[in-house]
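Residues per chain are reported as follows:
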Amino acid sequence: MNLGALLSLPGLRGERPPMTTFAPQSDYADWIHSLYLQVIGWDGLILLIVIVATLLALLRYSTRSERVPPEPPVHRDHLWLEVTWTVGPALVLVAIAIPTIRTTFRSQPEVAPEGALVVEVLAHQWWWEVSYPELKVTTANEIHLPVGRPVRFALRSADVIHSFWVPALGGKRDVIPGHVNTITATPRTPGVYLGQCAEFCGLSHANMRLRVFVEPPATFAAWAAHQAAPAVVPGRPASVTTPVEAGAQLFATNLCVTCHALNGVATQRAGPDLTHFASRTTLAGGVLENTSANVAAWLRDPEAMKPGAQMPGLGLTDGEIHNLVAYLESLQ
Ligand code: CUA
């Protein structure tokens, strides 16, 4: 097992790849990785000095032989000793501070680089709303990015302080109410990278997950075009003969539309936009795999699936849940 695997956080219920900063996949993640190595280097050097000094003192002043050990010399007002142990650590701190401050500013320039894709992330208790103003796309908990193109994350909060962290793409950044924080990075390798809210934000903080899909530009463009279009023909279905149609009618006439947006059907934004719900791999803040069984369990009792969930239990019958699941899973 290498150091990276040893120190990495567990993945989503054992899923690979794990959340690790030791396998950087963007320029920003490279800088963070380099900072880690520099700090660990300084720490290792200091640890070595302390251990060697301790061992020398132990050997010199131990009482293992018959002879009486010498008394250690007593220094009072030893100028050079005090200058050394004050200036030495101060220099180490400066050596760590310079690249840290540089990385901090480098990863959030005032102006986004030319051609950057803007991704607005709005953190909620306990899920992530993800919008692409340029593409007119809104989704939740899953971020698609084209490989090689700079991305500008604009991070806002709808309620309390959260922290946006996708270790493979860079360091964490707080998401603060009433303020926009940014991250600028360029993903380098296609793949799926896991993230997690990294600031305690309430009961389901641990259930506030993220997945980032870094894709070839053509794949990303196809995804974006699909997401921008409605998944269903707008309006209420005229006939109710299949579970999907029954679910659609239930959705449009039940409490669902008071919180959720669905292109062509509903416009509220309190909960995640469900337009292309079935195209996502997860639900409930990214903590559950998007399977029919999980969607049904979620509809039956959201609180049981994600403690503190803002979505109320709707008291749905098994038949209603069956139809709603069919409808939601049809929203590709
Ligand atoms: Cu959001 Cu912790």
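Because the structure is a prediction, the values reported are computed rather than measured.

### Some remarks on the domain arrangement of the chain
Domains assigned within the chain are domain 1 (27-65 + 77-107), domain 2 (117-225) and domain 3 (243-329). For domain 2 and domain 3, the distance between their C-alpha centroids amounts to 22 Å. Contacts between the two partners involve 18 residues from domain 2 and, on the opposite side, 18 residues from domain 3. For the pair domain 2 and domain 3, the summed buried surface comes to about 1600 Å²; carbon and sulfur atoms form 46% of the total. Taken together, domain 2 and domain 3 are joined by 2 salt bridges.

### Overview of the side chain of K306
Mapped onto the elements of the fold, K306 is located in the loop between α7 (302-305) and α8 (318-328). Despite being buried, K306 has no salt bridge partner; E303 is the closest side chain of opposite charge, sitting 9.9 Å away. Leave out the neighbours within four places in its chain, and K306 touches W126, W127, S204, N207, A284, G285 and W298.

### Focus: the pattern of salt bridges
If the charged atoms of two oppositely charged side chains come close together, the side chains can form a pair. Taken as a whole and assessed by the stated rule, the structure comprises 5 salt bridges. With a shortest N-O distance of 3.2 Å, E134 and R149 are connected by a salt bridge. Placement of E134 in the loop between β2 (127-132) and β3 (137-140) and of R149 in the loop between β4 (142-146) and β5 (151-157) is noted, with a sequence separation of 15 residues between them. For E134, a relative accessible area of 47% puts it in the partly exposed group. The salt bridge partner of E289 is R211, with a shortest N-O separation of 2.8 Å. Separated by 78 residues along the polypeptide, E289 in strand β14 (residues 288-289) and R211 in strand β10 (residues 209-215) bring together distant segments of the chain. Since its relative accessible area comes to 38%, E289 is described here as partly exposed.

What counts and what doesn't
- Residues numbered from 1 in each chain as written.
- Predicted model: local features only at pLDDT ≥ 70, side-chain atom pairs only at ≥ 80, totals over all residues.
- Heavy atoms only, no water.
- Domains from an automatic or database assignment.
- Contact = heavy atoms within 4.5 Å.
- Buried area = accessible area lost by both parts, 1.4 Å probe.
- Salt bridge = Lys/Arg side-chain N within 4 Å of Asp/Glu carboxyl O.
- Helix = DSSP H or I, 4+ residues; strand = E, 2+ residues; numbered from the N terminus.
- Buried < 20%, exposed > 50% of the residue type's maximum accessible area, 1.4 Å probe, protein only.
- Lys, Arg positive; Asp, Glu negative; His and termini not counted.

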